[in-house]
Amino acid sequence: MKLKGIIFDIRRFSTNDGPGIRTTVFFKGCPLNCGWCHNPEGRSREIQKATRINRIGESEFRIEEEIGKEMSANEVMKEVLSDAIVYEESRGGVTFSGGEPLEQHEFLIELLKISKENNLHTALDTTGFTSPEILENVIELTDLFLYDIKLMNDEEHIKHTGVTNKGILENLEHILQKKKDVIIRFPVVPEVTDSGKNIQQIKEFIAKHNGSLKEIHLLPFHNIADHKYIKLNAVNGMKDIVSLKEKDLLPLKEDFESAGIKVKISG
Ligand code: SF4
């Protein structure tokens, strides 16, 4: 039987998930439970029922929908490859994101293999929360890792994401030893990840790796996902926290730049 995966979105013409113009494939399922999650529809591995509420004037319309779709690797790659010419001209490619794509690692590997057979640049947007064995199987097929660093202190990491960061940091070290390209993604969440101590520890981690970590993307906390929580009938524990604007992150950008790393504020 051909392998199938559960995908909740395929976004074409993406410019925030790696170099050039890309298609980003979003996998369902994530082992973390971050309070600030912008993609709550990516957390559960299962296809979910959701209710979209549309209002026109005084009237309210409820539309039942499913989040997630079972797809074969060929079905996913047919959509991805339909923009092959765009990737070639923009030096883009395909990015696998989620959720956590490594939760469906066999399906991911199949997609990575087909991507490489078609000479696509591959990026993996990952929490890094996986076993060394699974990671080993994707390293050679991945050109660029978009790797989350949230909290350096393990107790804090467990408190805010539900899992330890030990394996995450060890896996990152391993990827760097293999000399793969890595961009760190750092979600800047007020009163959670933005403490001076956490930022200092991230800077020290970057400095320890002697130039192999060249770029960091700062992801400002925002609350635009609230409608997704409502749709899923889920609790958004941070709905009262004010979204950050790009200008709020400029001092932090300068701080990281002074440590000799390229910084981008991402959407
Ligand atoms: S790792 Fe990403 S997808 Fe998973 S819960 Fe955290 S923010 Fe959401």
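Within every chain, residues take consecutive numbers counted from 1 along the sequence as written. Restriction of local features to residues with pLDDT of at least 70 applies here, the model being predicted, together with a cutoff of 80 or more for giving and counting side-chain atom pairs; totals for whole chains, interfaces and linings are based on all residues. To get the side-chain values, all heavy atoms of the structure are used, and hydrogens and water are removed first.

**Let's talk about empty space enclosed by the protein**
Now for step 1: Cavities and pockets were defined on a 1 Å grid built over protein atoms only: a cavity is a set of grid points that admits a 1.4 Å probe from which the probe cannot escape, a pocket is an open set flanked by protein on both sides within 12 Å along at least five of seven lines, and lining residues are those with an atom within 4 Å of any such point. Grid points are joined across faces, edges and corners, and a volume is the space filled by probe spheres set on the points. Per the counting criterion, the structure on display carries two cavities of 30 Å³ or more.
Now for step 2: Empty space within the largest cavity amounts to approximately 60 Å³.
Now for step 3: For the largest cavity, the full set of lining residues is Leu32, Thr127, Asp148, Ile149, Lys150, Leu151, His157, Asn165, Ile168 and Leu169.
Now for step 4: Under the convention adopted here, Pro, Cys and the residues Ala, Val, Leu, Ile, Met, Phe, Trp and Tyr are nonpolar, Asp, Glu, Lys and Arg are charged, and Gly plus all remaining residues are polar. Among the residues making up the lining of the largest cavity, the classes are represented as five nonpolar, three polar and two charged.
Now for step 5: Considering only enclosed or pocket space, the second largest cavity measures out at about 40 Å³ in volume.
Now for step 6: Every residue along the wall of the second largest cavity is listed here: Gly35, Trp36, Cys37, His38, Phe221, His222, Asn223, Ala225, Tyr229, Asn236 and Met238.
Now for step 7: Residues belonging to the lining of the second largest cavity are distributed by class as follows: six nonpolar, five polar and no charged.

**Quick word on helix H7 (residues 196-208)**
Now for step 1: In a regular helix each residue adds 1.5 Å, so 13 residues correspond to 18 Å; H7 covers 18 Å between its end C-alpha atoms and thus fits that length.
Now for step 2: Any residue under 20% of the maximum accessible area for its type is buried, any over 50% is exposed, and the rest in between are partly exposed; the area is computed with a 1.4 Å probe on protein chains only. In this text, helices come from DSSP runs of H or I with a minimum length of four residues, and strands from runs of E with a minimum of two, each type numbered from the N-terminal end. Buried residues of H7: Asn198, Ile199, Ile202, Lys203, Phe205 and Ile206, and no others. Buried residues in H7, looked at end-on, bunch into an arc of 160°, giving them a common side. Away from its buried face by more than 90 degrees, H7 exposes Gly196, Lys197, Ala207 and Lys208.
Now for step 3: Between two residues, a contact is recorded if the distance between any of their heavy atoms is within 4.5 Å. Residues of H7 that are buried in the fold lie against helix H6 (166-177), strand S9 (181-188), strand S10 (215-220) and helix H9 (250-258). By this rule, a helix spans an expected 1.5 Å times one less than how many residues it contains. Throughout, the arc means that of the directions going from the helix axis to the C-beta atoms.

**Digging into unusual backbone geometry**
Now for step 1: The omega torsion of the bond from Gly98 to Gly99 falls at 15°, within 30 degrees of zero and hence cis.
Now for step 2: If you trace the backbone, Gly99 turns up in the loop between strand S6 (93-97) and helix H3 (105-117).
Now for step 3: In the Ramachandran plot, Asn233 falls in the positive-phi region, its phi being about 55° despite a non-glycine side chain.
Now for step 4: Assignment of secondary structure puts Asn233 in the loop between helix H8 (226-232) and H9.
Now for step 5: Exposure remark for Asn233: the relative accessible area of 72% places this residue in the exposed category.

**Focus on the site of the ligand**
Now for step 1: Near residues are defined by distance, with any heavy atom within 4 Å of the molecule or strand qualifying the residue. Cys30, Leu32, Cys34, Cys37, Arg43, Gly99, Thr127 and Lys150 make up every residue found near the ligand.
Now for step 2: To decide whether a molecule occupies a pocket or cavity, check its atoms: if more than half lie within 2 Å of the grid points, it is inside. Among the detected pockets, the ligand sits in the largest pocket.
Now for step 3: Of the residues in the shell around the ligand, the class split is four nonpolar, two polar and two charged.

**A short note on helix H4 (residues 132-139)**
Now for step 1: Of all the positions in H4, only Ile134, Leu135, Val138 and Ile139 are classed as buried. Projected onto a plane normal to the axis of H4, the buried residues spread over an arc of 135° and lie on a single side. With respect to the buried face of H4, the exposed residues turned more than 90 degrees away are Pro132 and Glu133.
Now for step 2: Tucked inside the fold, the buried residues of H4 contact H3, strand S7 (121-126), strand S8 (144-148) and H6.

**Some thoughts on the layout of surface pockets**
Now for step 1: Space inside the largest pocket adds up to approximately 910 Å³.
Now for step 2: Lining the largest pocket are 38 residues, and of these His38, Asn39, Asp125, Arg185 and Leu219 lie nearest its centre.
Now for step 3: Of all elements in the fold, only strand S1 (4-14), S7, S9, S10 and H8 reach the threshold of two or more residues within the lining of the largest pocket.
Now for step 4: Of the residues contributing to the lining of the largest pocket, the split by class is 14 nonpolar, 15 polar and nine charged.
Now for step 5: Taken as a whole, the second largest pocket spans an internal volume of roughly 270 Å³.
Now for step 6: Lining the second largest pocket are Pro19, His121, Leu144, Leu176, Lys179, Lys180, Asp181, Val182, Ile183, Ser212, Lys214 and Glu215.
Now for step 7: The greatest single-element share of the lining of the second largest pocket, amounting to three residues, is contributed by S9.
Now for step 8: Counted by class, the lining of the second largest pocket contains five nonpolar, two polar and five charged residues.

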